[in-house]
Amino acid sequence: MNIANLVKYHFLGKILGKIFLRIERKKGEKKIKKFTGKNSPFNPPLKITAYTKEFVSSHYLKGRYVEGVKPVAWVTSGAPVEILKALGFFLIYPENHAALCGARKVQMPLIEAAEKEGLSNNVCSYVRTDIGSLITGETPAGKLPKPDLLVACSNICQTVLHWYRMLEKHFHIPLVIIDTPFIYGEIEEHQVDYVKKQLENELLPAAEKVSGNLLKERELAKVLKLSKDATELWLEILNLCSETPSPLTIFDQFVFMAPIVEMRGDKETVDFYSAMLKEVKSRVNRGMGALKKERKRVLWDNLPIWFKMRELATKFAERGICLPISTYTYAWGELAPLMDLNKNEFETIAKVYLSPILNKGTGHKLNTMVNLVKNFKLDGIILHSDRSCKPYSIGQLDQRNKLVKEHGIPALLLEADQNDMNSFSEEQAAIRIESFLETMGV
Amino acid sequence: MKIPGRIETILKFKEKGGKVAAVTPYHYPKALLRAFNILPVELWGPPKQNTMASKGHLQTYVCSVVHSILNYYLTDGLKSVDYVLVPHTCDSLQGLGSLFIDFFNNVNIRFLTFYLPRGRRSADLEFTAKEIEKLYKELASLTGKSPDFEELFLHIENEEKAVSVLKKLLRNRRQYNVNDYAFYKFLRTKEYLSAEDFVKFAEEFENKFKTEKPLNETGIVLSGLVPEPMEIFRLINQNNAVVSGDDLSITGRRLYPKGEGNSPFVRMAKSLVFSPPDSMRGDSVEFRLQRLLSLAKKGNAKGVIFFIVKFCEPEYFYLPFLRKELKEKGIESIVLDTDINENLSQQTITRIEVFLETLT
């Protein structure tokens, strides 16, 4: 380990960085006050909101100085990170980074740069954003640390496998693929066995070799417990949104979910969600909702349209439409019960990472939506038909028809994209949302 | 040569008491189906359909192959089949398989799936063997048959022979005095003929078209999923070029090596897992690059046409790297987006013409 890097990491990434981010937090708190003034349809956000930005940014800040201090792995959002965490890896999630670019609305020049290099505009916009960032060196995170290892898990889509092949070629470093067979029905023994073997025989040796550390069972158990605790807390927070009025909307959740995606397995993440839970509970007890007036409650299906978050949040809030839950945010909590700490860790990890909603059939997603409608007392559903995410979007036309015809739930299909503004028509979206609200009597 | 068409083949097979499985693209244990007296008939569309029916179920950003398959099913094109097998090839076919199973209740057709891993490691091999065994059990339960190892090995050998014949035909492409359209029309009979029939007709083909004077047109490598619309071949030949290297999913990417082992499941698994480099299997850029370079060298090809079905994401990823490195090695390339339900656009035709002119 390089001493100079170590000093930089601790001094700049932790001490000075912390001070800087705290100042930024104060500025953020002032902005929030403006956003939630007297004429705003929103109640004041959770106190923890401004800290969330500080917390997530601190991860990226540390990342700027982590090279040479800790081994770095770039991983997909559904990768079994507990093993890597237990080996001391610092993790970067290119998908989250792309989402960050989208939310900050800096993604389009990056997308254009990737397309200029020959990447088709029919490729996922997260990929184009991230590859564009690699090409240009531009990122709202300041700088991303170069990876020593790449880990791609196919449980969210096949796209990530190809994406990581590109990264492998770019960085000339080892890539471990964890292939998770798609679950059309119930999980079968040979599927669990297959994933477990890949964890034990592919991921572990590669990660141990790159990190120079040997996995300690106690450390893995500790990380897994922290991961489970954070996931359970997140689920508990989301379930409180079934209350009327809902203490949070999905637009809050899309921001608050960052740590559960990219920092699960850390103690700070458990502390973060514990504090959030306390605040959310207090709001529920006081009957304070995210919106001042909640007329109807609607489910959101699929990823957010990152570059339209604020506009959509305001548009819905002004009409008294609360979106208290989404299949996407819920997906990061619903696996908590599967995290059985009494079983072999690798088997538990294999089962959990085979089970995300995106690795299961369209019927499973329909059932999830129907259950959410019932449990969260919802009046309608908006299905974001996301051009960039085929596994999430295919099946939505039938799901919508069944929701309307068989379950009597108003449902809207909204064509857009998670990051690519060129695939979003402002006018068309406005018309469709208006018509949908009319059918719900708003 | 009088080769029976798909419908004729299906009807004849059924008349003799066999069952038929429509199989979507594209890696699957063919011999296993044959051992159950099931004729696999591959569905690569069919092309040139008006996909109004599928548009009620799939978004417009899903590729035309998947649209066509669903459209064909919804318009009763599959009414004479007993099973539909959906290998897990990509996110879109995964979605289609799920739609079939979850939402399209059909008492006459049984939907089956098959997952071929993306890797070539020992765990992948072991899993594939188990996945084939699982399919065996499902078919045994559906048909009431339990073919023994001897029967399975017999069909494995038949399929291996058919693959080696296909390999030979592709390797010797320049020695057949026939245009690309006719050549590929014949190769594609393998999508529905039994292995035995394909081998028999291949012999006839060879006897009829083999020439002493090899074709000396400019060679090109054709890469992509499926060469639809097939007019592409006429256009290539009209411009004094010939497809001398095949990196297509319908053909070249399925030149499986012979498997080995005492278990038929392991033998089939080995054959499938160690298929040639393939975008759909998530192979590395380097692996695919070496394959293309080798095809270009063996076929004396000067250029590569990436003939991509629009929205086929796995194909797109590799292109920036592959094209750059091919160019560095002196091999030009072009990317064409196609829709299997549409004719080649005038713009595409012009682009191909200009590209081929630059090579000759």
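You'll find the structure just up there.
Attention in this report is confined to the structure presented alongside it. (Residues numbered from 1 in each chain as written. Chains lettered and ligands numbered in written order. Predicted model: local features only at pLDDT ≥ 70, side-chain atom pairs only at ≥ 80, totals over all residues. Heavy atoms only, no water.)

Attention now goes to the overall build of chain B. Helix and strand counts for chain B stand at 13 helices and eight strands. Computed over its C-alpha atoms, the radius of gyration of chain B comes to 20 Å, within 12% of the 21 Å expected for a compact globule of 360 residues. In terms of overall dimensions, chain B has C-alpha extents of about 60 × 45 × 45 Å along its principal axes. Evaluated residue by residue, chain B yields a buried proportion of 65% over its 360 residues. (Helix = DSSP H or I, 4+ residues; strand = E, 2+ residues; numbered from the N terminus. Rg over C-alpha atoms; globule rule 2.2 N^0.38 Å. Buried < 20%, exposed > 50% of the residue type's maximum accessible area, 1.4 Å probe, protein only.)

Bringing empty space enclosed by the protein into the picture now. Applying the stated criterion to the full structure yields seven cavities of 30 Å³ or more. Approximately 180 Å³ is the volume attributed to the largest cavity. Surrounding the largest cavity, 20 residues form its lining, Cys90(B), Ser92(B), Cys312(B), Glu313(B) and Pro314(B) being those nearest its centre. Of all the elements in the fold, those that place two or more residues in the lining of the largest cavity are α7 (159-171) of chain A together with α3 (64-74), α4 (91-103) and α12 (313-328) of chain B. Taken as a whole, the second largest cavity spans an internal volume of roughly 120 Å³. Along the walls of the second largest cavity sit 14 residues, with Lys360(A), Gly361(A), Thr362(A), Pro391(A) and Ile394(A) positioned nearest its centre. Elements supplying a minimum of two residues to the lining of the second largest cavity: α16 (362-375) and α17 (390-393) of chain A together with α4 of chain B. Split into classes, the residues belonging to the lining of the second largest cavity amount to six nonpolar, five polar and three charged. (1 Å grid on protein atoms, 1.4 Å probe; cavity = no way out; pocket = protein on both sides within 12 Å on 5 of 7 lines; lining within 4 Å. Points joined across faces, edges and corners; volume = space filled by probe spheres on them. Nonpolar A, V, L, I, M, F, W, Y, C, P; charged D, E, K, R; others polar.)

All names here are of chain B. The buried fraction of strand β5 (residues 218-224) amounts to seven of the seven residues, a majority that puts the element mostly inside the structure. Because side chains alternate across β5, one face comprises the buried residues Thr218, Ile220, Leu222 and Gly224, and the other comprises Gly219, Val221 and Ser223, equally buried. As paired strands, β5 and strand β6 (residues 241-248) are joined by seven bridges and run parallel to one another. By the bridge assignment, Thr218 is partnered in β6 with Ala241. Alignment of β5 against strand β7 (residues 301-309), held across six bridges, turns out to be parallel. Note on β7: the bridge partner recorded for Val221 is Val304. (Pairing = 2+ DSSP bridges.)

What follows concerns the environment of Tyr93(A). Residues and elements named next belong to chain A. Among the secondary structure elements, Tyr93 is positioned in the loop between β2 (90-92) and α4 (94-103). Tyr93 gets classed as buried once you look at its relative accessible area, which sits at 1%. Measuring from C-alpha to C-alpha, the distance between Tyr93 and Met263 comes to 9.9 Å, with 170 residues separating the pair along the chain. Tyr93 has contacts with Val75, Thr76, Ser77, Val81, Val261, Glu262 and Arg264, leaving out every residue within four places of it along the chain. Among the polar contacts made by the side chain of Tyr93, one reaches the main-chain carbonyl oxygen of Val261 at a distance of 3.4 Å. (Contact = heavy atoms within 4.5 Å. Polar contact = N/O pair within 3.5 Å; in protein donor to acceptor, adjacent residues only side chain to side chain.)

Turning next to the pattern of salt bridges. Residue and element names in this part refer to chain B. Summed over the entire model, instances satisfying the criterion amount to 48 salt bridges over all chains. In this structure, Asp283 engages Arg120 in a salt bridge whose closest nitrogen and oxygen atoms are separated by 2.7 Å. Placement of the pair is Asp283 in the loop between α10 (264-273) and α11 (285-298) and Arg120 in the loop between β4 (110-114) and α5 (122-143), with a sequence separation of 163 residues. Among the charged side chains, a network of salt bridges with common partners joins Asp247, Arg253, Asp278, Arg288 and Glu315. (Salt bridge = Lys/Arg side-chain N within 4 Å of Asp/Glu carboxyl O.)

Take a nonpolar patch on the surface next. Taken together, the side chains of Ile3(A), Val7(A), Phe11(A), Ile15(A), Leu16(A), Ile19(A) and Ile23(A) define a hydrophobic patch exposed on the protein surface, amounting to about 670 Å² of accessible area. Its place among the elements puts Ile15(A) in helix α1 (residues 3-35). (Patch = residues over 30% accessible without salt bridge, like charges linked within 9 Å, V, L, I, M, F, W, Y side chains within 5 Å. Areas by Shrake-Rupley, 256 points an atom, 1.4 Å probe, with all protein chains shown as cover.)

The subject of this paragraph is the layout of surface pockets. Residues and elements named next belong to chain A. Considered as a void within the structure, the second largest pocket measures approximately 820 Å³ in volume. Residue lining of the second largest pocket: 32 residues in total, with Lys14, Lys62, Lys70, Asp266 and Glu268 positioned closest to the centre. Looking at the lining of the second largest pocket, the elements with two or more residues in it are α1, α2 (48-64), α3 (81-86), β2, α9 (217-240) and α12 (267-286). Tallying contributions element by element places α1 first for the lining of the second largest pocket, with eight residues. Considered class by class, the residues forming the lining of the second largest pocket number 13 nonpolar, seven polar and twelve charged.

Turning our eyes to something else, we now look at the sheet that holds β2(A). Residue and element names in this part refer to chain A. An order of β2-β1-β3-β4 is seen for the four strands of this open sheet, with the pairing classed as parallel. Every other strand in the sheet has two partners, leaving β2 and β4 (175-178) as the edge strands with one partner each. Pairs of neighbouring strands in the sheet enclose a mean axial angle of 25°, with direction left out of account. Bridge count for strand β1 (residues 72-75) against strand β3 (residues 149-153) is three bridges, and the pairing is parallel. Residue Trp74 lies in a different strand from β3, and its bridge partner there is Leu150. Strand contacts of helix α8 (residues 189-211): β3 and β4, with the helix running at about 160° to β4, the strand carrying the most contacts. (Axes fitted to C-alpha atoms, helices over the stretch in contact; angles between N-to-C directions.)

Quick look at the side chain of Thr218(B) now. Within the fold, Thr218(B) resides in strand β5. Apart from residues no more than four positions distant in its own chain, Thr218(B) is found in contact with Arg174(B), Asn240(B), Ala241(B), Val242(B), Lys302(B), Leu359(B) and Thr360(B).

Attention now moves to the packing of helix α7 (residues 180-187) of chain B against helix α8 (residues 195-209) of chain B. All names here are of chain B. Running from N to C, α7 and α8 cross one another at 155°; their axes reach a closest spacing of 11 Å. Classified by the angle their axes make, α7 and α8 are roughly antiparallel. Contacts from Phe183, Phe186 and Leu187 of α7 reach α8 at Phe198, Phe201, Ala202 and Phe205. Residue composition of the contact of α7 with α8, grouped by class: seven nonpolar, no polar and no charged. (Parallel < 35°, antiparallel > 145°, perpendicular 65-115°, else oblique.)

To continue, consider the sheet that holds strand β5 (residues 296-301) of chain A. Residue and element names in this part refer to chain A. Across the sheet, four strands lie side by side as β6-β5-β7-β8; this open sheet has parallel pairing. The sheet terminates laterally at β6 (321-326) and β8 (411-416), the two strands that pair on one side only. Strand-to-strand, the axes of this sheet are offset by a mean angle of 30°, without reference to chain direction. Relative to strand β7 (residues 380-386), β5 runs parallel, the two sharing four bridges. Looking at the pairing, Leu299 lines up with Ile381 of β7. On top of the sheet, α16 reaches β5, β6 and β7; it is set at about 160° to β5, its chief contact.

Counting residues at the interface gives 55 residues for chain A, matched by 49 residues for chain B. For the chain A face of the interface with chain B, the top three residues by lost area are His162(A), Lys169(A) and Tyr184(A), together amounting to 17%. Counting every contact that joins chain A to chain B gives five salt bridges. Lys169(A) is the partner of Glu325(B) in a salt bridge, and the nearest nitrogen-oxygen pair spans 2.7 Å. For the pair chain A and chain B, the number of links is 26 residue pairs in polar contact (both at pLDDT 80 or more). Secondary-structure elements contributing two or more residues to the side of chain A that touches chain B are α7, α8, α16, β7, α17 and α18 (396-405) of chain A. A total of nine residues in the side of chain A that touches chain B trace back to one element, the largest contributor, which is α7(A). Of the residues in the side of chain A that touches chain B, the class split is 18 nonpolar, 22 polar and 15 charged. (Buried area = accessible area lost by both parts, 1.4 Å probe.)

All right, on to a positive patch on the surface then. On the surface, a cluster of positive charge is contributed by Lys167(B), Arg171(B), Lys258(B) and Lys298(B). Tracing the backbone through its elements, the reader meets Lys258(B) in the loop between β6 and α10. (Lys, Arg positive; Asp, Glu negative; His and termini not counted. Charge placed at Lys NZ, Arg CZ, Asp CG, Glu CD.)

With that settled, consider the packing of α16(A) against α18(A). Residues and elements named next belong to chain A. Where α16 contacts α18, the axes come no closer than 10 Å and their chain directions differ by 40°. Overall, the two elements α16 and α18 adopt an arrangement that is oblique. Seen along the crossing, α16 lies across α18 with a hand that is right-handed. The segment α16 lies against α18, with Thr362, Lys365, Leu366, Met369 and Val370 engaging Gln396, Gln399, Lys402 and Leu403. Residue composition of the contact of α16 with α18, by class: four nonpolar, three polar and two charged. (Left-handed = near helix turned anticlockwise from the far one by under 90°.)

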